[in-house]
Number of protein chains: 2
Amino acid sequence: MRAAVSPPPRVYLAGPEVFLPDAAAVLARKAAMVRAAGLAPLLPVDEQDGRARDASDLAAGIYAGNLALLDACDLLIANLTPFRGPGADPGTVFELGYVAARGRPVLAYSADLRDAAERIRDGVGAAPDRHGVLRDPDGLLVEDFGRAENLMPAIACERAGGEIVRVPADPGGPAAAIAATDGLAVCLARIAGAAASA
Amino acid sequence: MRAAVSPPPRVYLAGPEVFLPDAAAVLARKAAMVRAAGLAPLLPVDEQDGRARDASDLAAGIYAGNLALLDACDLLIANLTPFRGPGADPGTVFELGYVAARGRPVLAYSADLRDAAERIRDGVGAAPDRHGVLRDPDGLLVEDFGRAENLMPAIACERAGGEIVRVPADPGGPAAAIAATDGLAVCLARIAGAAASA
(Lines give C-alpha, C1' and ligand atoms only; values in the text may rest on other atoms or scores of the structure.)
Protein backbone atom coordinates (compact mmCIF):
# COMPACT_ATOMS: atom_id res chain seq x y z
CA MET A 1 0.00 0.00 0.00
CA ARG A 2 1.39 3.37 -1.03
CA ALA A 3 1.22 6.42 1.17
CA ALA A 4 -1.08 9.14 -0.10
CA VAL A 5 1.00 11.79 -1.83
CA SER A 6 -0.38 15.29 -2.12
CA PRO A 7 0.48 17.09 -5.34
CA PRO A 8 3.33 19.60 -5.08
CA PRO A 9 2.41 23.28 -4.68
CA ARG A 10 2.27 25.10 -8.02
CA VAL A 11 4.56 28.10 -8.38
CA TYR A 12 3.97 30.68 -11.13
CA LEU A 13 7.24 32.22 -12.34
CA ALA A 14 6.37 35.80 -13.26
CA GLY A 15 9.07 37.84 -14.95
CA PRO A 16 10.52 39.39 -18.10
CA GLU A 17 12.37 36.18 -19.11
CA VAL A 18 9.81 35.80 -21.91
CA PHE A 19 11.45 38.78 -23.65
CA LEU A 20 14.95 37.26 -23.72
CA PRO A 21 16.45 35.96 -26.98
CA ASP A 22 16.97 32.61 -25.19
CA ALA A 23 13.66 32.72 -23.30
CA ALA A 24 12.89 28.99 -23.56
CA ALA A 25 16.31 27.92 -22.27
CA VAL A 26 16.27 30.38 -19.35
CA LEU A 27 12.74 29.41 -18.34
CA ALA A 28 13.60 25.71 -18.59
CA ARG A 29 16.57 26.30 -16.25
CA LYS A 30 14.40 28.14 -13.72
CA ALA A 31 11.63 25.53 -13.99
CA ALA A 32 14.18 22.78 -13.23
CA MET A 33 15.21 24.65 -10.07
CA VAL A 34 11.56 24.82 -8.96
CA ARG A 35 11.10 21.09 -9.57
CA ALA A 36 14.32 20.30 -7.68
CA ALA A 37 12.78 22.16 -4.71
CA GLY A 38 9.80 19.79 -4.78
CA LEU A 39 7.43 22.29 -6.36
CA ALA A 40 5.55 22.37 -9.68
CA PRO A 41 6.54 25.27 -11.97
CA LEU A 42 3.96 27.19 -13.98
CA LEU A 43 5.56 29.26 -16.76
CA PRO A 44 4.05 32.26 -18.60
CA VAL A 45 2.54 31.14 -21.91
CA ASP A 46 4.51 31.68 -25.09
CA GLU A 47 3.24 32.86 -28.46
CA GLN A 48 2.36 29.33 -29.57
CA ASP A 49 0.17 28.66 -26.54
CA GLY A 50 -1.40 32.08 -26.90
CA ARG A 51 -2.24 31.51 -30.55
CA ALA A 52 -3.86 28.18 -29.73
CA ARG A 53 -6.14 29.95 -27.27
CA ASP A 54 -7.11 32.86 -29.51
CA ALA A 55 -5.91 32.79 -33.09
CA SER A 56 -7.67 36.07 -33.82
CA ASP A 57 -5.74 38.05 -31.21
CA LEU A 58 -2.43 36.71 -29.92
CA ALA A 59 -2.30 39.21 -27.03
CA ALA A 60 -5.74 38.13 -25.79
CA GLY A 61 -4.71 34.48 -26.09
CA ILE A 62 -1.56 35.04 -24.01
CA TYR A 63 -3.57 36.97 -21.42
CA ALA A 64 -6.16 34.18 -21.13
CA GLY A 65 -3.42 31.57 -20.83
CA ASN A 66 -1.55 33.48 -18.15
CA LEU A 67 -4.74 34.20 -16.22
CA ALA A 68 -5.59 30.49 -16.08
CA LEU A 69 -2.13 29.81 -14.61
CA LEU A 70 -2.40 32.71 -12.15
CA ASP A 71 -5.76 31.36 -11.00
CA ALA A 72 -4.28 27.87 -10.63
CA CYS A 73 -1.05 28.74 -8.81
CA ASP A 74 -0.53 28.23 -5.08
CA LEU A 75 2.16 30.87 -4.93
CA LEU A 76 4.01 33.29 -7.18
CA ILE A 77 7.69 34.15 -7.51
CA ALA A 78 8.28 37.38 -9.44
CA ASN A 79 11.50 38.48 -11.11
CA LEU A 80 11.44 42.25 -10.41
CA THR A 81 14.87 42.93 -11.94
CA PRO A 82 14.58 46.38 -13.62
CA PHE A 83 13.33 46.15 -17.17
CA ARG A 84 13.93 48.99 -19.66
CA GLY A 85 13.89 51.75 -17.07
CA PRO A 86 14.08 52.23 -13.35
CA GLY A 87 11.32 49.74 -12.52
CA ALA A 88 10.15 46.17 -13.03
CA ASP A 89 8.29 44.83 -16.06
CA PRO A 90 4.66 46.03 -15.84
CA GLY A 91 3.25 42.64 -16.83
CA THR A 92 5.11 41.05 -13.92
CA VAL A 93 3.84 43.68 -11.46
CA PHE A 94 0.27 43.18 -12.73
CA GLU A 95 0.59 39.45 -12.07
CA LEU A 96 2.03 40.03 -8.60
CA GLY A 97 -0.96 42.22 -7.72
CA TYR A 98 -3.33 39.66 -9.21
CA VAL A 99 -2.03 36.77 -7.09
CA ALA A 100 -1.80 38.95 -3.95
CA ALA A 101 -5.50 39.74 -4.38
CA ARG A 102 -6.27 36.05 -4.49
CA GLY A 103 -4.67 35.66 -1.07
CA ARG A 104 -1.78 33.50 -2.25
CA PRO A 105 1.81 34.11 -1.08
CA VAL A 106 3.95 36.27 -3.38
CA LEU A 107 7.76 36.27 -3.35
CA ALA A 108 10.12 38.29 -5.51
CA TYR A 109 13.76 38.78 -6.36
CA SER A 110 15.88 41.29 -8.23
CA ALA A 111 19.42 41.26 -9.59
CA ASP A 112 19.72 44.98 -8.75
CA LEU A 113 21.01 45.70 -5.24
CA ARG A 114 19.89 49.32 -5.16
CA ASP A 115 16.83 50.79 -3.51
CA ALA A 116 14.22 52.08 -5.98
CA ALA A 117 15.13 55.66 -4.99
CA GLU A 118 18.82 55.05 -5.73
CA ARG A 119 18.01 53.66 -9.17
CA ILE A 120 15.89 56.72 -9.98
CA ARG A 121 18.66 59.03 -8.75
CA ASP A 122 21.19 57.15 -10.91
CA GLY A 123 18.87 57.13 -13.91
CA VAL A 124 17.21 60.54 -14.13
CA GLY A 125 18.53 62.36 -11.06
CA ALA A 126 16.84 63.23 -7.77
CA ALA A 127 17.40 65.90 -5.13
CA PRO A 128 15.54 67.22 -2.07
CA ASP A 129 13.24 70.19 -2.72
CA ARG A 130 13.01 73.12 -0.29
CA HIS A 131 10.73 71.04 1.96
CA GLY A 132 13.26 68.20 2.03
CA VAL A 133 11.14 66.01 -0.26
CA LEU A 134 13.17 63.98 -2.77
CA ARG A 135 12.07 64.89 -6.32
CA ASP A 136 13.23 64.09 -9.85
CA PRO A 137 14.00 66.83 -12.43
CA ASP A 138 10.32 66.82 -13.52
CA GLY A 139 9.24 67.65 -9.95
CA LEU A 140 7.82 64.16 -9.34
CA LEU A 141 8.27 62.77 -5.84
CA VAL A 142 10.78 59.95 -5.53
CA GLU A 143 9.41 57.32 -3.14
CA ASP A 144 12.24 56.69 -0.66
CA PHE A 145 11.19 53.88 1.66
CA GLY A 146 14.35 51.76 1.52
CA ARG A 147 12.66 49.18 -0.68
CA ALA A 148 13.80 47.55 -3.93
CA GLU A 149 10.60 48.58 -5.73
CA ASN A 150 7.46 50.71 -5.42
CA LEU A 151 5.86 50.13 -2.03
CA MET A 152 2.81 48.25 -3.36
CA PRO A 153 4.70 45.21 -4.76
CA ALA A 154 7.38 45.52 -2.04
CA ILE A 155 4.98 45.40 0.92
CA ALA A 156 2.87 42.69 -0.73
CA CYS A 157 5.98 40.48 -0.59
CA GLU A 158 6.81 41.50 2.98
CA ARG A 159 3.29 40.63 4.09
CA ALA A 160 3.73 37.20 2.51
CA GLY A 161 6.90 36.57 4.46
CA GLY A 162 9.89 38.56 3.36
CA GLU A 163 11.55 41.46 1.63
CA ILE A 164 12.26 41.38 -2.08
CA VAL A 165 15.41 39.24 -2.40
CA ARG A 166 18.34 41.15 -3.91
CA VAL A 167 21.26 39.12 -5.27
CA PRO A 168 23.61 40.68 -7.82
CA ALA A 169 24.05 39.07 -11.23
CA ASP A 170 27.37 38.52 -12.92
CA PRO A 171 28.23 41.39 -15.27
CA GLY A 172 26.60 41.07 -18.67
CA GLY A 173 23.98 43.74 -19.11
CA PRO A 174 20.19 43.68 -18.71
CA ALA A 175 19.64 40.30 -20.39
CA ALA A 176 22.12 38.53 -18.10
CA ALA A 177 20.58 40.23 -15.05
CA ILE A 178 17.10 39.02 -16.04
CA ALA A 179 18.37 35.49 -16.69
CA ALA A 180 20.25 35.25 -13.36
CA THR A 181 19.05 32.48 -11.04
CA ASP A 182 20.59 33.20 -7.62
CA GLY A 183 17.62 35.30 -6.44
CA LEU A 184 15.22 32.52 -7.42
CA ALA A 185 17.31 30.05 -5.40
CA VAL A 186 16.93 32.22 -2.28
CA CYS A 187 13.17 32.44 -2.81
CA LEU A 188 12.93 28.65 -3.14
CA ALA A 189 14.96 28.22 0.05
CA ARG A 190 12.56 30.56 1.85
CA ILE A 191 9.60 28.47 0.70
CA ALA A 192 11.31 25.29 1.89
CA GLY A 193 12.08 26.94 5.23
CA ALA A 194 8.48 28.08 5.69
CA ALA A 195 7.19 24.60 4.83
CA ALA A 196 9.61 22.97 7.28
CA SER A 197 8.54 25.22 10.15
CA ALA A 198 4.80 24.91 9.38
CA MET B 1 -41.83 58.77 2.12
CA ARG B 2 -38.51 58.86 0.36
CA ALA B 3 -37.55 56.47 -2.36
CA ALA B 4 -34.80 54.05 -1.42
CA VAL B 5 -31.51 55.29 -2.82
CA SER B 6 -28.69 52.84 -3.39
CA PRO B 7 -25.22 54.16 -2.59
CA PRO B 8 -23.18 55.26 -5.60
CA PRO B 9 -20.59 52.81 -6.95
CA ARG B 10 -17.14 53.42 -5.47
CA VAL B 11 -14.37 54.15 -7.96
CA TYR B 12 -10.71 53.82 -6.92
CA LEU B 13 -8.52 56.32 -8.80
CA ALA B 14 -5.19 54.55 -9.25
CA GLY B 15 -2.35 56.60 -10.69
CA PRO B 16 0.88 58.51 -10.17
CA GLU B 17 -0.89 61.76 -9.21
CA VAL B 18 0.30 61.14 -5.63
CA PHE B 19 3.83 61.97 -6.81
CA LEU B 20 2.94 65.42 -8.21
CA PRO B 21 3.99 68.62 -6.38
CA ASP B 22 0.29 69.61 -6.38
CA ALA B 23 -1.01 66.10 -5.68
CA ALA B 24 -3.86 67.16 -3.38
CA ALA B 25 -5.23 69.74 -5.82
CA VAL B 26 -5.04 67.39 -8.81
CA LEU B 27 -6.69 64.53 -6.92
CA ALA B 28 -9.42 66.88 -5.63
CA ARG B 29 -10.14 67.94 -9.22
CA LYS B 30 -10.37 64.33 -10.40
CA ALA B 31 -12.49 63.34 -7.39
CA ALA B 32 -14.92 66.16 -8.20
CA MET B 33 -15.29 64.79 -11.75
CA VAL B 34 -16.10 61.34 -10.35
CA ARG B 35 -18.72 62.79 -8.00
CA ALA B 36 -20.22 64.82 -10.85
CA ALA B 37 -20.67 61.51 -12.71
CA GLY B 38 -22.74 60.17 -9.80
CA LEU B 39 -19.97 57.95 -8.43
CA ALA B 40 -18.05 57.92 -5.14
CA PRO B 41 -14.29 58.51 -5.53
CA LEU B 42 -11.75 56.56 -3.48
CA LEU B 43 -8.32 58.20 -3.53
CA PRO B 44 -4.96 56.56 -2.75
CA VAL B 45 -3.95 57.32 0.84
CA ASP B 46 -1.45 60.08 1.52
CA GLU B 47 1.42 60.08 3.99
CA GLN B 48 -0.77 61.35 6.81
CA ASP B 49 -3.31 58.54 6.43
CA GLY B 50 -0.48 56.02 6.10
CA ARG B 51 1.20 57.23 9.26
CA ALA B 52 -2.07 56.98 11.19
CA ARG B 53 -2.31 53.33 10.15
CA ASP B 54 1.26 52.36 10.92
CA ALA B 55 3.47 54.96 12.59
CA SER B 56 6.38 52.52 12.67
CA ASP B 57 6.52 52.03 8.92
CA LEU B 58 4.93 54.62 6.66
CA ALA B 59 5.16 52.40 3.56
CA ALA B 60 3.29 49.56 5.31
CA GLY B 61 0.67 52.03 6.51
CA ILE B 62 0.10 53.38 2.99
CA TYR B 63 -0.10 49.82 1.63
CA ALA B 64 -2.68 48.81 4.24
CA GLY B 65 -4.72 51.93 3.55
CA ASN B 66 -4.67 51.42 -0.20
CA LEU B 67 -5.52 47.73 0.13
CA ALA B 68 -8.60 48.54 2.21
CA LEU B 69 -9.77 50.90 -0.55
CA LEU B 70 -8.97 48.39 -3.30
CA ASP B 71 -11.00 45.77 -1.43
CA ALA B 72 -13.87 48.24 -1.02
CA CYS B 73 -14.04 49.62 -4.56
CA ASP B 74 -16.67 48.59 -7.11
CA LEU B 75 -14.44 49.55 -10.02
CA LEU B 76 -11.03 51.02 -10.73
CA ILE B 77 -9.87 53.73 -13.11
CA ALA B 78 -6.10 53.72 -13.63
CA ASN B 79 -3.98 56.55 -14.97
CA LEU B 80 -1.42 54.63 -17.08
CA THR B 81 0.31 57.74 -18.46
CA PRO B 82 4.02 56.82 -18.70
CA PHE B 83 5.90 57.52 -15.49
CA ARG B 84 9.70 57.93 -15.49
CA GLY B 85 10.33 55.58 -18.37
CA PRO B 86 8.46 53.87 -21.18
CA GLY B 87 5.79 52.37 -18.95
CA ALA B 88 3.18 53.14 -16.31
CA ASP B 89 3.81 53.58 -12.59
CA PRO B 90 4.34 50.09 -11.08
CA GLY B 91 2.16 50.83 -8.06
CA THR B 92 -0.72 51.66 -10.40
CA VAL B 93 -0.22 48.48 -12.42
CA PHE B 94 -0.12 46.41 -9.21
CA GLU B 95 -3.46 47.93 -8.17
CA LEU B 96 -4.98 47.27 -11.60
CA GLY B 97 -4.00 43.59 -11.33
CA TYR B 98 -5.32 43.45 -7.78
CA VAL B 99 -8.78 44.74 -8.68
CA ALA B 100 -8.95 42.62 -11.86
CA ALA B 101 -8.34 39.53 -9.69
CA ARG B 102 -11.27 40.52 -7.50
CA GLY B 103 -13.53 40.43 -10.55
CA ARG B 104 -14.29 44.15 -10.57
CA PRO B 105 -14.24 46.23 -13.78
CA VAL B 106 -10.98 48.04 -14.52
CA LEU B 107 -10.70 51.03 -16.84
CA ALA B 108 -7.62 53.03 -17.75
CA TYR B 109 -6.44 56.09 -19.60
CA SER B 110 -3.16 57.57 -20.78
CA ALA B 111 -2.10 60.99 -22.01
CA ASP B 112 0.36 59.31 -24.41
CA LEU B 113 -1.10 58.47 -27.82
CA ARG B 114 1.64 56.04 -28.81
CA ASP B 115 1.58 52.26 -28.69
CA ALA B 116 3.90 50.77 -26.06
CA ALA B 117 6.20 49.56 -28.85
CA GLU B 118 6.44 53.07 -30.33
CA ARG B 119 7.36 54.55 -26.96
CA ILE B 120 10.12 51.96 -26.51
CA ARG B 121 11.40 52.64 -30.03
CA ASP B 122 11.42 56.39 -29.30
CA GLY B 123 13.05 55.88 -25.91
CA VAL B 124 15.76 53.25 -26.28
CA GLY B 125 15.43 52.17 -29.90
CA ALA B 126 14.00 49.00 -31.45
CA ALA B 127 14.56 47.16 -34.71
CA PRO B 128 13.61 43.77 -36.19
CA ASP B 129 16.18 41.00 -35.70
CA ARG B 130 17.02 38.51 -38.48
CA HIS B 131 13.84 36.56 -37.66
CA GLY B 132 11.74 39.72 -37.96
CA VAL B 133 11.21 39.97 -34.18
CA LEU B 134 11.29 43.53 -32.86
CA ARG B 135 14.08 43.87 -30.27
CA ASP B 136 15.67 46.70 -28.28
CA PRO B 137 19.46 47.33 -28.27
CA ASP B 138 19.84 44.89 -25.32
CA GLY B 139 18.25 42.11 -27.38
CA LEU B 140 15.02 42.17 -25.37
CA LEU B 141 11.83 41.54 -27.33
CA VAL B 142 9.59 44.57 -27.80
CA GLU B 143 5.96 43.50 -27.38
CA ASP B 144 4.16 44.89 -30.43
CA PHE B 145 0.45 44.19 -30.06
CA GLY B 146 -0.90 47.64 -30.93
CA ARG B 147 -1.73 48.36 -27.31
CA ALA B 148 -0.96 51.39 -25.14
CA GLU B 149 0.71 49.23 -22.47
CA ASN B 150 1.97 45.72 -21.72
CA LEU B 151 -0.66 43.18 -22.74
CA MET B 152 -1.58 42.14 -19.17
CA PRO B 153 -2.99 45.52 -18.04
CA ALA B 154 -4.20 46.31 -21.59
CA ILE B 155 -6.26 43.14 -22.05
CA ALA B 156 -7.57 43.33 -18.47
CA CYS B 157 -9.17 46.65 -19.46
CA GLU B 158 -10.46 45.30 -22.77
CA ARG B 159 -12.11 42.38 -20.99
CA ALA B 160 -13.81 44.86 -18.67
CA GLY B 161 -15.25 46.77 -21.59
CA GLY B 162 -12.80 48.78 -23.59
CA GLU B 163 -9.33 49.67 -24.73
CA ILE B 164 -7.08 51.93 -22.66
CA VAL B 165 -8.36 55.45 -23.41
CA ARG B 166 -5.72 57.65 -25.05
CA VAL B 167 -6.28 61.41 -25.03
CA PRO B 168 -3.32 63.77 -25.47
CA ALA B 169 -2.50 66.27 -22.77
CA ASP B 170 -1.66 69.92 -23.42
CA PRO B 171 2.09 70.45 -23.66
CA GLY B 172 3.76 70.81 -20.30
CA GLY B 173 5.95 67.82 -19.60
CA PRO B 174 5.38 64.67 -17.56
CA ALA B 175 3.69 66.38 -14.59
CA ALA B 176 1.10 68.06 -16.82
CA ALA B 177 0.48 64.77 -18.65
CA ILE B 178 -0.15 62.96 -15.35
CA ALA B 179 -2.46 65.73 -14.12
CA ALA B 180 -4.51 65.83 -17.35
CA THR B 181 -8.21 65.02 -16.92
CA ASP B 182 -9.57 64.38 -20.43
CA GLY B 183 -8.85 60.64 -20.33
CA LEU B 184 -10.64 60.32 -17.01
CA ALA B 185 -13.65 62.12 -18.51
CA VAL B 186 -13.85 59.52 -21.30
CA CYS B 187 -13.65 56.68 -18.76
CA LEU B 188 -16.48 58.22 -16.72
CA ALA B 189 -18.59 58.60 -19.87
CA ARG B 190 -18.00 54.90 -20.64
CA ILE B 191 -19.19 53.95 -17.16
CA ALA B 192 -22.29 56.10 -17.57
CA GLY B 193 -22.95 54.53 -20.98
CA ALA B 194 -22.60 51.01 -19.59
CA ALA B 195 -24.94 51.84 -16.68
CA ALA B 196 -27.52 53.35 -19.06
CA SER B 197 -27.56 50.27 -21.29
CA ALA B 198 -27.64 47.80 -18.37
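Criteria and thresholds
- Residues numbered from 1 in each chain as written.
- Chains lettered and ligands numbered in written order.
- Predicted model: local features only at pLDDT ≥ 70, side-chain atom pairs only at ≥ 80, totals over all residues.
- Heavy atoms only, no water.
- Helix = DSSP H or I, 4+ residues; strand = E, 2+ residues; numbered from the N terminus.
- Buried < 20%, exposed > 50% of the residue type's maximum accessible area, 1.4 Å probe, protein only.
- Contact = heavy atoms within 4.5 Å.
- Lys, Arg positive; Asp, Glu negative; His and termini not counted.
- Charge placed at Lys NZ, Arg CZ, Asp CG, Glu CD.
- Buried area = accessible area lost by both parts, 1.4 Å probe.
- Salt bridge = Lys/Arg side-chain N within 4 Å of Asp/Glu carboxyl O.
- Core = buried A, V, L, I, M, F, W, Y, C linked by side-chain atoms within 4.5 Å.
- Pairing = 2+ DSSP bridges.
- Axes fitted to C-alpha atoms, helices over the stretch in contact; angles between N-to-C directions.
- Phe/Tyr/Trp six-rings, centres within 6.5 Å; stacked < 30°, edge-to-face > 60°.

1. Re the overall build of chain A
For chain A, the helix and strand inventory stands at eight helices and seven strands. Each principal axis of the C-alpha distribution contributes one length, and for chain A these read about 75 × 50 × 35 Å. Residues classed as buried in chain A amount to 52% of the 198 residues present. Taking as baseline every contact in chain A between residues at least 6 positions apart, the subset at least 24 positions apart corresponds to 64%. In chain A, which carries 19 positive and 25 negative side-chain charges, the distance between the mean positions of the two groups comes to 5 Å.

2. Comments concerning the interface of chain B and chain A
Accessible area lost upon the coming together of the parts is a frequently used measure of interface size. With 51 residues of chain B at the interface, the matching set in chain A holds 51 residues. Counting the surface lost from both chain B and chain A, the interface buries some 4,300 Å², and carbon and sulfur atoms represent 70% of this. Looking at the side of chain B facing chain A, the largest losses of area belong to Tyr63, Arg84 and Met152 of chain B, adding up to 19% of the total buried there. In this assembly, chain B and chain A are joined by four salt bridges.

3. Some points on the nonpolar core
Leu76, Phe94 and Leu96 of chain A together with Leu76, Phe94 and Leu96 of chain B are the most contacted members of the largest nonpolar core, which totals 68 residues. In this structure Phe94 of chain B touches Val93, Leu96, Gly97, Ala100, Met152, Pro153 and Ala156 of chain A together with Tyr63 of chain B, once residues within four positions along its chain are discounted.

4. Considerations on the sheet that holds strand 4 (residues 106-110) of chain A
Hydrogen bonds between backbone atoms are what pair the strands of a sheet, whose relative direction is either parallel or antiparallel. Residues and elements named next belong to chain A. As summarised here, the arrangement of the five strands in space is 2-1-3-4-7, forming an open sheet in which the pairing is parallel. A single partner strand is all that each edge strand has here, and the edge strands are strand 2 (40-42) and strand 7 (165-166). Direction of pairing for strand 1 (residues 10-14) relative to strand 2: parallel, over a ladder of three bridges. In the sheet register, Arg10 faces strand 2, and the bridge partner there is Ala40. The strands touched by helix 3 (residues 58-72) within the sheet are strand 1, strand 2 and strand 3 (75-79), with strand 1 carrying the most contacts at an inclination of about 135°.

5. Some remarks on the sheet that holds strand 2 (residues 40-42) of chain B
Residues and elements named next belong to chain B. Taking strand neighbours across the sheet as the criterion, the five strands line up as 2-1-3-4-7 in an open arrangement whose pairing is parallel. Since the sheet does not close on itself, it has two edges, and those belong to strand 2 and strand 7 (165-166), each with one partner. Pairing geometry for strand 1 (residues 10-14) and strand 3 (residues 75-79), over four bridges, is parallel. Paired with Ala14 across the strands is Ala78, a residue of strand 3.

6. What about the packing of aromatic side chains?
Evaluated as defined, the whole model comprises six aromatic pairs over all chains. Site record: aromatic cluster; members linked through ring pairs are Tyr63, Phe94 and Tyr98 of chain A.

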